[in-house]
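Coordinates in review
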Amino acid sequence: MKRGLVVLDPDEVPTEEWAERVGGLQSRLADERVDLALVYGDVFASDDIAYLTNLCIYWNEGVLAVPADGEPVFLTKLSPRVHPWMRRVSTVSRIESGRQFGALAAKLAEGREAGTVGLVDAPLWPEPVVAELRAALPGWELRELPGLVRERRAVPSPAEVALLRTAARVVGEAADTAAGAVLGTQDRVATVERIVRGAGFLDVQVNTADATDGAECVQVTGQYRTLWVHASRIAGGAGTDWAGTLQDALDRAVAAARPGATGADLAAAAGPALDRLPAGTDAQVTWVGQTDLASAGEYRPATADTPLAAGAAVAVTVDALLPGGGYAALADTVLVTADGPERLTAAGSAADGEAATPAASGHDTTSTNGAARPDGRSAQ
Amino acid sequence: MTSAPSRTPGTASRAPALDPADAAERALRHQKVRDAMAEEGLDALIAFAPGWRRENVRYFTDARLTGTASFVLFPASGSASAEVCAFSTRRADLPALRAAGWVDHAAVLDAHDPSALTEPLRDLRPRRVGVAHLELLPGLLAEALRRALPDAELVSASALMDRVRMVKSDWELARMRRSAAVCAAGWQAFVDVLEPGLPEYRIVAEVEAEIKRLGAEDNFMLIASGGDEVRGMTAPTPRSLEAGDMVRTELTPQMDGYWLQICRSAVVGPPSDGQRRSFDLFNESVEAGMAATRPGVTAHDVAKAQNDVFRKYGYGEYCTSKYTRVRGHGHGLHLDETPIIEGNETVLPENAVFIIHPNTYTPLAGYHVLGDPVRVTKDGPEVLIATERKLFHSDKGSSAGRAGAAGAPAGAAEEPGTPSGKESAA
């Protein structure tokens, strides 16, 4: 659940980049002859809205209205009491609160000539919300749009890559620390929470699962600013054959994560290792773009032939339902570069950075607005 | 994105027999749901859980699921052929479903081809299907349900499930008491770390670590620090605490599926007169809400009792929509169940659980947060947390703290002040 730090720092993402993100969408709207795009988000999945504005929907639902020309407006069920905070941490100046999106949209449409409203990623909208908007906007054409914003997020900008590297070091270190020590399950989760939230993450999801042979799977997914990273480790499984085999499979899959490679290619690369897993194991190789990590890619089409884009950041996972009912997963977040995959959450990556995380080192550094920077660099 | 299909179907069947207490609880739930379905003429019920509203799926599965979308298919008939089936878009959820053992069948669901759900649903040949959280069901999945059942009526079963879940069984109350213990520990961790210079988000990190160490599955938490200017709470900011700040929080851990909330405010250093008077006002309001709590009263009654205290002292405007109207809310498998608000005529039955919190802004000390979760009993409210209701303060980093460092533990110091008198709050 989103209860971490929300920061808008021009030293991290330049002001002009935020404008470019909205401008890019508006160009597409012009191409599509759409007058007003609506982007839906809730507390579980609101990354398109965050990408465009840095808004955080920490509870309930929201809709970002992006006109083909003009400033975005945020429609939300959150109380007006939080508008000052939302304005402070986002690029949005106009926020409208209410109990029904239909009424908010109708208010927004007042004085405008009826035109075309485009619903971004329409199949993922709650159907009743769409019906409500349709009823509230007589005379307007409601049209489904594909994932225009998510498409733009697929290849991170240089500023985002810098943030991803920072985030990945923290998550990788947290997963390694939690899995590396002799700890109980709850202590592993606590360790991750302290490191990741203490480093200024917005969100962290820690899941554990019993594997077999006393081993335990620790999965960490963290959101830093508007970006997500993921790493999974196996605790207490170092001496088991299957854990080593699973690691070999992940290493092979990651090595295959080059521009143009497909999911099938990653699976083929891992195949020789997966074949060595115990009989009865149900193993698979998956990759999920960081753009979809909030929902683990579960609303993305499950195709095996989608190519990895150069410059994309993806989480590569090898997971297995083990004989006897256990579950285990190994995963790293990888930057897909022309020179080959860069494993952002790999073991030791924290040590390769300029400094350890503040949570780990005991030191705190601050950015222009006082936020901790996990990589220890200064915004001054 | 899936790169290769699983080698074997992602299914799981039910684990060995349940513990007798769990089996009895499951049977009770099935009966309650079937009774409610009969009243509404439902042939089948589908509990849908998006990532942020899993309470109804949890009610049927008693499993902590993590999938982006999960479902339970629950037939009206209790015949052997009408199994209770659970589905998740995340295959890592299958072992959890199997371990809990509350459903007859579990399978992975492909959101773009949800035939694992729609085929057994179609086999039931229902004419009227209730969908809990239909209001949140993505069009992608709603369309699949309609394609599967072109002649059936799909209606919302969200309110039905809210009603069914409102009265807590002894089994549930035992779990909520464990949540209460974690609430208290979380608040203690909160107070223990308060000191000048600490950023808000680091407080959250420490609280999260402590309650997770104690077994919390999740937590919802709002926070605010500062003085009289604070109008509400949000996610944490990078703001660093200063001496004299009041630090407010709603802290809502989830244990074994059940959410429970504690609301408290603490001062960094000695409280000011305004902060003391504010506490007195809010405490009197909480007490009034509790005095009004008994089986058969409405949510409106409990809210009005709290608001009347504010009105009595001339602070009534701060109970309006311009500030904060909600005077509490129900708890259970969802953290924000029945709202305690004037105008809500929902009757509170025995063994309903909710928090009484008149949290709002006043000019006395800015936004103040105070509240306790209670169970409705024939004898009045049973307060579920042991944490004292007082204005906490921390002495760490303050001159008072330095003076008392030799004898007193850091943080969580007792509130030493004499109550300033309720009349002065006006």
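What you are looking at is a predicted structure, and each value in this text was computed from that prediction instead of being measured. (Residues numbered from 1 in each chain as written. Chains lettered and ligands numbered in written order. Predicted model: local features only at pLDDT ≥ 70, side-chain atom pairs only at ≥ 80, totals over all residues. Heavy atoms only, no water.)

Looking only at helices and strands, chain B has 11 helices and 16 strands in total. Buried positions account for 63% of the 426 residues belonging to chain B. Put simply, of all contacts in chain B between residues at least 6 apart along the chain, 69% involve residues at least 24 apart. Accessible area of chain B: about 14,900 Å², with a carbon and sulfur share of 50%. (Helix = DSSP H or I, 4+ residues; strand = E, 2+ residues; numbered from the N terminus. Buried < 20%, exposed > 50% of the residue type's maximum accessible area, 1.4 Å probe, protein only. Contact = heavy atoms within 4.5 Å. Areas by Shrake-Rupley, 256 points an atom, 1.4 Å probe, with all protein chains shown as cover.)

Right, let's get into the overall build of chain A. Along the backbone of chain A there are 12 helices and 13 strands. For chain A, the proportion of its 380 residues judged to be buried stands at 62%. For chain A, restricting intrachain contacts to residue pairs at least 6 apart in sequence, the fraction spanning at least 24 positions comes to 64%. As presented, chain A carries roughly 13,300 Å² of accessible surface, and 50% of it is formed by carbon and sulfur atoms.

This part takes up the confidence of the model for chain A. Residues and elements named next belong to chain A. Scored by pLDDT, chain A has a mean of 91; 91% of the residues are at 70 or more. For residues 350–371, every residue scores under 50 in pLDDT, and the model assigns this stretch 48 contacts once sequence neighbours within four places are set aside. Within the model, pLDDT remains below 50 along residues 375–380, and this stretch shows 18 contacts once partners closer than five positions in the same chain are excluded. (pLDDT = per-residue confidence, 0-100.)

This paragraph deals with the confidence of the model for chain B. Residues and elements named next belong to chain B. Averaged over every residue, the pLDDT of chain B is 91; residues scoring 70 or more account for 88%. Within the model, pLDDT remains below 50 along residues 1–9, and this stretch shows 32 contacts once partners closer than five positions in the same chain are excluded. For the stretch residues 400–426, pLDDT sits under 50, and the model shows 46 contacts to residues farther than four places along the chain or on other chains. Interface scoring of the predicted complex returns ipTM 0.92; its pTM is 0.92.

When charged atoms on two side chains of opposite charge get close, those side chains can pair. Applying the stated criterion across every chain, the model contains 59 salt bridges over all chains. K2 of chain A is the partner of D203 of chain A in a salt bridge, and the nearest nitrogen-oxygen pair spans 4.0 Å. Within this pair, whereas D203 of chain A is found in strand β7 (residues 203–210), its partner K2 of chain A is found in the segment before α1 (15–32), the two being separated by 201 residues in sequence. Each member of the pair D203 of chain A and K2 of chain A is classed as buried. Put simply, E55 of chain B and R53 of chain B hold a salt bridge, and the shortest N to O gap is 2.8 Å. On the basis of relative accessible area, E55 of chain B is assigned to the buried category, the value being 1%. Within this structure, K2, R3, E193, R197 and D203 of chain A together with E208, K212 and D218 of chain B form a network of salt bridges that share partners. (Salt bridge = Lys/Arg side-chain N within 4 Å of Asp/Glu carboxyl O.)

This part covers the packing of aromatic side chains. All names here are of chain A. Throughout the structure, instances matching the rule amount to 16 aromatic pairs over all chains. Ring geometry for Y40 against W125: centres 5.5 Å apart, planes inclined by 40 degrees, an arrangement best described as tilted. Of this pair, Y40 sits in strand β1 (residues 36–42) while W125 sits in the loop between β5 (116–120) and α5 (127–136); the two residues are 85 residues apart in sequence, bridging distant segments of the chain. The residues Y40 and W125 share a single accessibility class, namely buried. (Phe/Tyr/Trp six-rings, centres within 6.5 Å; stacked < 30°, edge-to-face > 60°.)

Before going further, it helps to examine the state of the cysteines. Residues and elements named next belong to chain B. Throughout the structure, instances matching the rule amount to 0 disulfides over all chains. Unpaired in this structure, C319 has its nearest cysteine sulfur neighbour in C263, at a distance of 15 Å. A relative accessible area of 8% places C319 in the buried class. (Disulfide = S-S within 2.5 Å.)

Let us now look at helix α4 (residues 101–109) of chain A. Residues and elements named next belong to chain A. Of all the residues in α4, the buried ones are F101, G102, L104, A105, L108 and A109. End-on, the buried residues of α4 take up no more than an arc of 165 degrees, which puts them together on one face. Its buried side turned inward, α4 meets β1, β2 (61–67), β3 (73–76), β4 (94–97) and α5. (Arc of directions from axis to C-beta.)

Attention shifts here to the side chain of R90 of chain B. Residue position: R90 of chain B is located in the loop between β4 (85–88) and α3 (93–100). Excluding residues within four positions of it along the chain, R90 of chain B makes contact with N207, S295, A296 and E298 of chain A together with T66, G67 and T68 of chain B.

Further remarks concern the interface of chain A and chain B. With 69 residues of chain A at the interface, the matching set in chain B holds 70 residues. Both faces considered, chain A and chain B share a buried interface measuring about 5,800 Å² in area, 55% of it formed by carbon and sulfur atoms. At the boundary of chain A and chain B, one finds 8 salt bridges. For D319 of chain A, the salt bridge identified is with R91 of chain B, shortest N-O distance 3.1 Å. If you list the elements that add at least two residues to the side of chain A that touches chain B, you get α5, α8 (185–198), β7, α10 (263–274), β10 (282–289) and β11 (313–321) of chain A. No other element matches α8 of chain A, which puts 8 residues into the side of chain A that touches chain B. For the side of chain A that touches chain B, the per-class residue count stands at 35 nonpolar, 18 polar and 16 charged. (Buried area = accessible area lost by both parts, 1.4 Å probe. Nonpolar A, V, L, I, M, F, W, Y, C, P; charged D, E, K, R; others polar.)

The subject of this paragraph is the sheet that holds strand β15 (residues 380–383) of chain B. Residue and element names in this part refer to chain B. With antiparallel pairing, the 4 strands of this open sheet are ordered in space as β12-β13-β14-β15. At either end of the open sheet lies a strand with only one pairing partner, and these are β12 (328–330) and β15. The average angle at which neighbouring strand axes cross in this sheet is 35 degrees, direction not considered. On the sheet, helix α9 (residues 273–291) packs against β13 (353–356), β14 (372–377) and β15 and is oriented at approximately 150 degrees with respect to β13. (Pairing = 2+ DSSP bridges. Axes fitted to C-alpha atoms, helices over the stretch in contact; angles between N-to-C directions.)

Residue and element names in this part refer to chain B. The element β14 is extensively covered by neighbouring structure, given that 6 of its 6 residues are classed as buried. Burial along β14 is two-sided: D372, V374 and V376 and P373, R375 and T377, pointing in opposite directions, are all buried. Where β13 lies against β14, 4 bridges are found, and the strand directions are antiparallel. If you follow I355 over to β14, its bridge partner there is P373. Relative to β15, β14 runs antiparallel, the two sharing 4 bridges. When the bridges of β15 are listed, T377 appears paired with G380. What sits between the antiparallel neighbours β14 and β15 is a turn of 2 residues.

With that settled, the discussion passes to the pairing of strand β8 (residues 218–226) of chain B. All names here are of chain B. Taken across its 9 residues, β8 has 9 buried, putting it largely inside the fold. Because side chains alternate across β8, one face comprises the buried residues D218, F220, L222, A224 and G226, and the other comprises N219, M221, I223 and S225, equally buried. Relative to strand β9 (residues 246–255), β8 runs antiparallel, the two sharing 9 bridges. Directly across from N219, in β9, lies its bridge partner P253.

A few words on α8 of chain A. All names here are of chain A. Its 14 residues give α8 an end-to-end C-alpha distance of 20 Å, which sits within 8% of 20 Å, the value for a rise of 1.5 Å per residue. Within α8, 10 of the 14 residues are buried, which leaves it mostly tucked inside the rest of the structure. Where α8 is concerned, the buried positions are R188, V189, A190, T191, V192, E193, I195, V196, R197 and G198. Once α8 finishes, G200 follows within two positions and takes phi at roughly 90 degrees, a positive value. (Expected span 1.5 Å × (residues − 1).)

Another aspect to go through is a negative patch on the surface. All names here are of chain B. On the surface, D110, D113, E119 and D123 cluster together into a patch of negative charge. Among the secondary structure elements, D110 is positioned in the loop between β5 (105–108) and α4 (115–123). Residue D110 is classed as partly exposed on the basis of its relative accessible area, which comes to 35%. (Patch = residues over 30% accessible without salt bridge, like charges linked within 9 Å, V, L, I, M, F, W, Y side chains within 5 Å. Lys, Arg positive; Asp, Glu negative; His and termini not counted. Charge placed at Lys NZ, Arg CZ, Asp CG, Glu CD.)

Phi at D213 of chain A is positive, roughly 55 degrees, even though this residue is not glycine. In this structure, D213 of chain A sits in the loop between β7 and β8 (216–224). A relative accessible area of 53% means that D213 of chain A is categorised as exposed. A positive phi angle is found at D256 of chain B, which is not glycine, with a value near 50 degrees.

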